Amino acid sequence: MTRHDEGDMERTFAALPPAHGKGFAQTWWGQAWLTALEGTALDTAQLKTGRRLARAGAVGAVSVRPGRLTAVVLDRDRTAHRADVLLEELSPEQWDRFLDMTVERAGHVAALLDRDMPPHLVEDAADAGVELLPGLGDLEPTCDCGAWDHCGHTTALCYQVARLLDQDPFVLLLMRGRAESSLLNDLQTRGGTSAAEASTPEGVDAAEAYAAGDILPPLPPVPELPVEPGVPPSLDTETPPASGIDPAALEFLAAQTAAQAHSLLRGALQAGSDVELTWAQDTVRLAAGAPGPEMTDRLAAGSGRGREGLATAVHAWRHGGTEALSALDEEWQPRGETLARARAALDSAWDTGERPELRARANRWTVAGAPVQLRLGRDGRWWPYRKERGRWQPAGGAAQDPATALASVAAPASAELPAGEGDSL
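A short tour of the structure in this document, coming up.

Rules used in this analysis
- Residues numbered from 1 in each chain as written.
- Predicted model: local features only at pLDDT ≥ 70, side-chain atom pairs only at ≥ 80, totals over all residues.
- Heavy atoms only, no water.
- Helix = DSSP H or I, 4+ residues; strand = E, 2+ residues; numbered from the N terminus.
- Buried < 20%, exposed > 50% of the residue type's maximum accessible area, 1.4 Å probe, protein only.
- Contact = heavy atoms within 4.5 Å.
- Disulfide = S-S within 2.5 Å.
- Polar contact = N/O pair within 3.5 Å; in protein donor to acceptor, adjacent residues only side chain to side chain.
- Phe/Tyr/Trp six-rings, centres within 6.5 Å; stacked < 30°, edge-to-face > 60°.
- Core = buried A, V, L, I, M, F, W, Y, C linked by side-chain atoms within 4.5 Å.
- Salt bridge = Lys/Arg side-chain N within 4 Å of Asp/Glu carboxyl O.
- Pairing = 2+ DSSP bridges.
- Axes fitted to C-alpha atoms, helices over the stretch in contact; angles between N-to-C directions.
- Parallel < 35°, antiparallel > 145°, perpendicular 65-115°, else oblique.
- Left-handed = near helix turned anticlockwise from the far one by under 90°.
- Nonpolar A, V, L, I, M, F, W, Y, C, P; charged D, E, K, R; others polar.
- Patch = residues over 30% accessible without salt bridge, like charges linked within 9 Å, V, L, I, M, F, W, Y side chains within 5 Å.
- Areas by Shrake-Rupley, 256 points an atom, 1.4 Å probe, with all protein chains shown as cover.
- Expected span 1.5 Å × (residues − 1).
- Arc of directions from axis to C-beta.

**Brief notes about the overall build of the protein chain**
Inference 1: Looking only at helices and strands, the protein chain features 16 helices and twelve strands.
Inference 2: The buried share of the protein chain, taken over its 425 residues, is 42%.
Inference 3: The long-range fraction of contacts in the protein chain, counting pairs at least 24 apart against all pairs at least 6 apart in sequence, stands at 65%.

Dropping the structure here:
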């Protein structure tokens, strides 16, 4: 999937999933791209490293603009590096020759619109003095890891771009200096044929299309869910941010959005769940992503919890997401059948004479003489809590059995004892 506007001179491709069991280039022009890389790199070990990183899905979103490719690539230890690969743009004179050559051969325009780059198009361009595909030494690497030649990061970026080129040869033309919309408009001007007309397929009768449904091949299987969310695009570009824009905050939000999208997709594939977080819950989710001190302070202030309260909420979130957060925040009065089931669960969880004395207040049962508490969730599960420095803290995940939940709380000797919270049970 890409993001680009008409006439834009930059396209950003979302990170591709790991390339398990297949080559990086299926088309002849994608293979020619890799030949330009592999025939130039001096260190074959770096080529192997780059292939391994690309196969593992370590290459983040790829930014493509005239003369430059950019992506963040993660090492095996998850260290992020910005990798760039430079490719010389075609001159205005070369573009003129390419456009003149292309409009003279209608098949070239049709091939490009079909996302194809036949060999004779490239050969005719070369005859006109225009080299579309890079040759040996044309892919110039630069990486913040300090390598002077192709390193594993720039190599991984090139391998990933080969996959993008397979899908869309306009990626190569953009690197050479022309955006798709601009190129098609120039072809229209020179050839007198609307690019929109040329790209619009001939219509098919609706009844025929419906009837063909029974003979069409089945849809392909759902792609395998990546092990981890993708890496969002880097905002470290030459263009300064607009006034009021905080790049660090945007990068953090992009990373957390990718993680949340990955989580929602995993849930949808596994159980068809459809969970929408409230603003307050999403604030805690963001804080659970360990955004750093400055961002944490902003989230703490915005949530109204304060830094200590937000830390407690994050602790609960990590134990059980929205359900654990509800157990932390909500104090509600079980009534009727809910209260009867809760009392029955408490009575049956221990043998006679072994149950600790519990003092009840709403949905919270505190152990008499100990800094330990059970909280009943609205789904009937029990959440263990421990009192530390005057604040009740989540102490573990939920359990259907109250005795199991209580056993998971190892009260520290120095913890303070609550005095008479609620009524004895």
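**Quick word on the state of the cysteines**
Inference 1: Counted under the stated rule, the structure contains zero disulfides.
Inference 2: Lacking any disulfide linkage, Cys143 is separated from the closest cysteine sulfur, that of Cys145, by 3.6 Å.
Inference 3: Residue class for Cys143 comes out buried when judged on its relative accessible area of 10%.

**Remarks on the environment of Gln373**
Inference 1: Counting through the fold element by element, Gln373 comes out in strand S9 (residues 372-376).
Inference 2: As for Gln373 and Arg359, which are separated by 14 residues in sequence, their C-alpha atoms are 9.2 Å apart.
Inference 3: At 2.9 Å, the side chain of Gln373 forms a polar contact with the side chain of Thr366.

**Let's talk about the packing of aromatic side chains**
Inference 1: A complete count under the given rule lists four aromatic pairs for this structure.
Inference 2: With a centroid separation of 6.4 Å and 90° between ring planes, the pair formed by Trp28 and Trp29 is classed as edge-to-face.
Inference 3: What makes Trp28 partly exposed here is its relative accessible area of 32%.
Inference 4: Trp29 sits in the buried class, given a relative accessible area of 5%.

**Topic: the nonpolar core**
Inference 1: Trp33, Phe98, Leu132, Leu157 and Met175 are the most contacted members of the largest nonpolar core, which has 61 residues in total.
Inference 2: Here the element with the most residues in this core is helix H6 (residues 152-167); it accounts for eight residues.
Inference 3: Phe98 has contacts with Leu121, Ala125, Val130, Leu132 and Leu183, leaving out every residue within four places of it along the chain.
Inference 4: The next biggest cluster of nonpolar side chains, apart from the first, holds 22 residues, and it includes Leu286, Ala288, Ala313 and Ala316.

**Some remarks on the pattern of salt bridges**
Inference 1: Taken as a whole and judged by the stated rule, the model has 21 salt bridges.
Inference 2: Between Arg378 and Glu330 there is a salt bridge; the shortest N-O distance is 3.0 Å. Linking Arg378 in the loop between S9 and strand S10 (382-388) with Glu330 in the loop between helix H14 (306-329) and helix H15 (336-349), this pair joins segments that are 48 residues apart in sequence.
Inference 3: According to the relative accessible area criterion, Arg378 is exposed, its value standing at 60%.
Inference 4: Among the salt bridges present, the one from Glu357 reaches Arg359, with a minimum N-O distance of 3.5 Å.
Inference 5: Each of Arg11, Arg115, Asp168 and Glu180 takes part in salt bridges that share partners, so that together they form one network.

**Description of the pairing of strand S6 (residues 140-143)**
Inference 1: Burial along S6 is one-sided: the residues Pro141 and Cys143 are buried and none of Glu140 and Thr142 is.
Inference 2: Relative to S6, strand S5 (residues 80-86) is paired through four bridges, and the arrangement is antiparallel. Opposite Ala83, over in S6, you have Cys143 as the bridge partner.

**A closer look at the packing of helix H2 (residues 44-55) against H6**
Inference 1: The N-to-C vectors of H2 and H6 enclose an angle of 55°; their axes lie 7 Å apart at closest approach. Relative to H6, the element H2 is oriented oblique. Two packed elements cross with a definite hand, and for H2 against H6 that hand is right-handed. Contacts between H2 and H6 involve Gln46, Leu47, Thr49, Gly50, Arg51, Leu53 and Ala54 from the first element and Gly152, His153, Thr155, Ala156, Tyr159 and Gln160 from the second.
Inference 2: Among the residues forming the contact of H2 with H6, the class breakdown is five nonpolar, seven polar and one charged.

**Some thoughts on a nonpolar patch on the surface**
Inference 1: Together, Ile245, Leu250 and Leu253 make up an exposed nonpolar region whose accessible area comes to about 240 Å².
Inference 2: If you trace the backbone, Leu250 turns up in helix H11 (residues 247-271).
Inference 3: On the basis of relative accessible area, Leu250 is assigned to the partly exposed category, the value being 41%.

**Quick word on the side chain of Thr155**
Inference 1: One can find Thr155 in helix H6.
Inference 2: By relative accessible area, which is 0% here, Thr155 ends up buried.
Inference 3: Other than its neighbours up to four places away in sequence, Thr155 contacts Leu37, Gln46, Leu47, Gly50 and His150.

**Re H15**
Inference 1: Across its 14 residues, H15 extends 20 Å between first and last C-alpha, which sits within 8% of the 20 Å expected from 1.5 Å per residue.
Inference 2: Regarding H15, the residues found buried are Ala342, Ala345, Leu346 and Ala349. The arc enclosing the buried residues of H15, seen along the axis, measures out at 95°, which places them on a common side. What points out from H15, more than 90 degrees from its buried face, is the exposed set Gly336, Glu337, Asp347 and Ser348.
Inference 3: Looking at the buried residues of H15, the elements they touch are strand S7 (358-361), strand S8 (364-367), S9, S10 and helix H16 (402-407).

**Topic: unusual backbone geometry**
When glycine is set aside, most residues are seen to have a negative phi, and most peptide bonds are trans.
Inference 1: Backbone geometry places Arg78, a non-glycine residue, at a positive phi of 70°.
Inference 2: Mapping Arg78 onto the fold places it in the loop between strand S4 (68-74) and S5.
Inference 3: Given a relative accessible area of 47%, Arg78 falls into the partly exposed group.
Inference 4: The phi dihedral of Ala362 is positive, around 55°, even though this residue is not glycine.
Inference 5: Inspection of the secondary structure assignment puts Ala362 in the loop between S7 and S8.

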